[in-house]
Every structure is written in C-alpha cells, then in structure tokens.
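Working through the structure, step by step
Single-letter residue listing:
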Amino acid sequence: MELDRIAKLATEMIADINSDEALTLYKHLESGKMLRSKLVLSVVDSDEAYRLCAVIELIQSASLLHDDVIDSSDLRRGKPSLNAQFGNKNAIMLGDILYSRAFFELSHFPKSIAQSLSKSVVELSVGELEDVNLEQSFNEYEEKYLSMIGHKSASLIAASAECAALLKSEVELLDSKNMESSGENARGLEFATNCHIERSEISSMESKKDFSPMAQNDKKLDSSGNMDKDPAEVSLSDFSKETSFCGSQGGGEGSYLKVSERADTTKSVKSIKTRQSCSFFSKETTQNLDSNKDIHKLYYDYGFNLGMAFQIIDDILDITQDSTKLGKPALSDFKSGKTTLPYIYLYHELPKEKQVWLKSLFKQDLNAKDAQELKDLLLDSPLQKAREKALEYGNKALHIASMLNNQKLYAIIQAMIERDF
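Fair warning: this is a prediction, and the values are worked out from it, not measured in the lab.

The rules behind the values
Residues numbered from 1 in each chain as written. Predicted model: local features only at pLDDT ≥ 70, side-chain atom pairs only at ≥ 80, totals over all residues. Heavy atoms only, no water. Axes fitted to C-alpha atoms, helices over the stretch in contact; angles between N-to-C directions. Helix = DSSP H or I, 4+ residues; strand = E, 2+ residues; numbered from the N terminus. Parallel < 35°, antiparallel > 145°, perpendicular 65-115°, else oblique. Left-handed = near helix turned anticlockwise from the far one by under 90°. Nonpolar A, V, L, I, M, F, W, Y, C, P; charged D, E, K, R; others polar. Contact = heavy atoms within 4.5 Å. Buried < 20%, exposed > 50% of the residue type's maximum accessible area, 1.4 Å probe, protein only. Polar contact = N/O pair within 3.5 Å; in protein donor to acceptor, adjacent residues only side chain to side chain.

Moving on to the packing of helix H11 (residues 295–320) against helix H17 (residues 381–404). One way to put it is that H11 packs onto H17 with a least axis distance of 8 Å and a crossing angle of 155°. Between H11 and H17, the angle is such that the two are roughly antiparallel. The two elements H11 and H17 meet at a crossing, and its hand is left-handed. Class assignment for the residues of the contact of H11 with H17 results in 20 nonpolar, three polar and four charged.

Laid out in structure tokens, this is it:
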C-alpha cells in the first residue's frame, strides 16, 4: 500500500490545471490519516484504484477546507489551517478547485462509481448544512446528531468502500474477458482506453490551455456482546472498556466487539489486541456473496458503519485527550458549538437545574472550575454510553467484514478504534 503514490497523483492532478497559485496553496495542506484510501486499497489494488484514491483525497481535502472556514478554525492537524495562513477567500476557492478537479477525474471512471461518489458529496454537503444549523443552539436530540454525522462523516467513507467494490468487479470482468479472448491474464484495452489513455489525452490538451445512505444493515448486533460462542478475547484498555472480539464456529454470525461490565471511564481510546484469531464465514457462503450483483451494497454498509464509529470516537477523543495529541484544545467541540453524543447523553442524565447550567456553557470560554466539573461529569456514564454506541456501529461493520471474508477490513476497524488522535 503506497500512500505516497496517492499524494503524488493528487498533486499531479492539481498541477495539470496550470495554476501556480492553486498548486502553491495545495502544497500547504497537511496530509491526514487517509482512512478512505486505505479502505479502497483493502478491497482492490490496481493503477485505477490509486487514481480513485487520489480523487477521494481531493474531495476530502476540499470538504475540510470549507469546514475550517465555516468553523473559523485556526488549526488543522496541529498546524495553522490554510484559512488562517492565507485567508478565507483563498481557502474557499482552493476547495472549489479540488472539488472541480476531482469530478473531472471522476468522469473517466465507470458511471456507477461516478454516481456513488458524487452522491456522497451531496450528502456530505447536506450534513455540513445540518451541522451549521445544529450549532445555533444546544442540541439535545441524539437522532439529529446521528443523522448529521451520517451525512457529513459516514457518507464519503461508505461511498469509498462501495466504489472500491465496483472497481474491483469492473477489473475482474475485463480480466475475465481478456482471458477468454487472448488466453492472457491482462488488463483489457477497453478499460485502459476509458480510464487511462483518454485521461492522458485530455490532460495533454489541458496543459495547452490557461486555467488562470444505503440504509444500515437491518440486523443489529448486540453491543452487550450476547451473540454466538467461542469469543476471542480482546483488550480495549484505553478505550476505557474491556472488549471481546468474537466469532462463531464455522461462519455463523461473524466477529464482534463486546463491552463488559468492568470499565475505567477515565482513560482514552487506544489499544485493541487480538489474542485469538476470528472465524470468518465459510468459503461456500463467500462464493455465494461473490455471485451477488449487489455485493457492493455490503461494502457500502461496512463503510457507513465504520464512518459512524470513527466520528463518535473522534468526539470522545475531544474530551479525553489533551491538546498535544489532538492538535487543538480539549473540549473545543463544545466551545465551537458542537453538541456531540457525550454532551447529549449528559444532558438527559442531569437534573433540571444542572441542564440549565450545561446549556449556559454552550459555545462559551470555560473557566477552570466549570471545565473541570464538566469533564468529570462527562467521564462518567456519558462517555460510557458513547463508547457503547461506537462499538454498536463497529460490531455491524465487523459482521459485514465477516460476510465479505476480508481480513483487511478487520484491521481497518482495529486501527480506527486503537487510535488516540
């Protein structure tokens, strides 16, 4: 998995528009975790997969540029944000350029991929609008929060997984046709023409110009861990929980995370260590899935649940970690007007007078006394409930990974849960 190759391709895409200003600004952006690209390459590994990753990274960077302007953020990944360095206008315009170039590149991919990814950008934008509206006052409704992060955060991750599956099917189909016609296991001229040569020709022409949610799986996994047998124990120490990573014999219900009754709620999300290998669905079940024309929908569902868990963990880390790890002050979400899941859970646990107190702190600079009291209250059951919700989505993703028989998808969930920033 060559992540540097993705960054290079994305830079080349921006360089091809022949704007020194845009390229200079783009080079000031800090690279992120590339979760979406890692997800794509865990499903399909080909030249076109890397180009797809570059497109997705351009979209993700564009969304963050606009997000930082909307939130008046001065920091991004611990360093001055682009809007803080070069102003809001430059940040907005660079975001527009990244979106536009991404869609231009996307037009060379199969229609199903272009539609899936472009639809996710619409949902992402809707989520951003929902987020802006929710910031107007303290939000006490869990369903509104979950809807917002489903659009803003999970949709692009879901589409990335789906597009990877669609691309894999396209590559395998063309390889199969080539095997039949020439007896060689090679990439077909048709796919190369549509996805590479045409792009190269158009890029050459450009250089002469001046450019001055698929619904979640209906089957819910029990976050309390009451599933099949043969649990494979896993320690989730800094996730403030003891967690089990379980699988049933011979396939069955797959693997899942289990929250035990023991918990140390003062720790942060960190490590997950497998002490026993997890069982996957049988080979026969996997073959049946492979013949299913809608298998890409399973990948979408996997990505959606992964994205939901990822965002909830981000919200937890904003409370449990310090500014050194986060690259921003702790509890900054609440100050910036984001009522994340732990705050919603806390609100419903407090008596009326304390609810009034909590709302009075919304979007305010907290003094040391209020900040400490707020953090102490959050570190009790509100964070516990938020962790359980993250594990609920994580279990759904693990269940689908079992169905897809893809060990790499397990590793992505593990890395997502064990991160501390």
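So, about the side chain of Asp131. When you line up the elements, Asp131 lands in helix H7 (residues 111–134). Every residue in contact with Asp131, bar those within four places of it in the chain, is listed here: Met148, Lys152 and Lys338.

To continue, consider the environment of Leu306. As for its position among the elements, Leu306 is in helix H11. On the basis of relative accessibility, which here comes to 1%, the residue Leu306 falls in the buried class. In this structure, the C-alpha to C-alpha distance between Leu306 and Ala397, residues 91 residues apart in sequence, is 5.9 Å. Filtering out sequence-adjacent residues up to four positions away, Leu306 remains in contact with Leu35, Leu39, Ile157, Ala397, Ile412, Ile413 and Met416.

As for its position among the elements, Asn367 is in the loop between helix H15 (352–361) and helix H16 (368–378). Given the relative accessible area of 41%, Asn367 is considered partly exposed. At 3.1 Å, the side chain of Asn367 forms a polar contact with the backbone nitrogen of Lys369. Polar side-chain contacts of Asn367 include one of 2.7 Å to the backbone nitrogen of Asp370.

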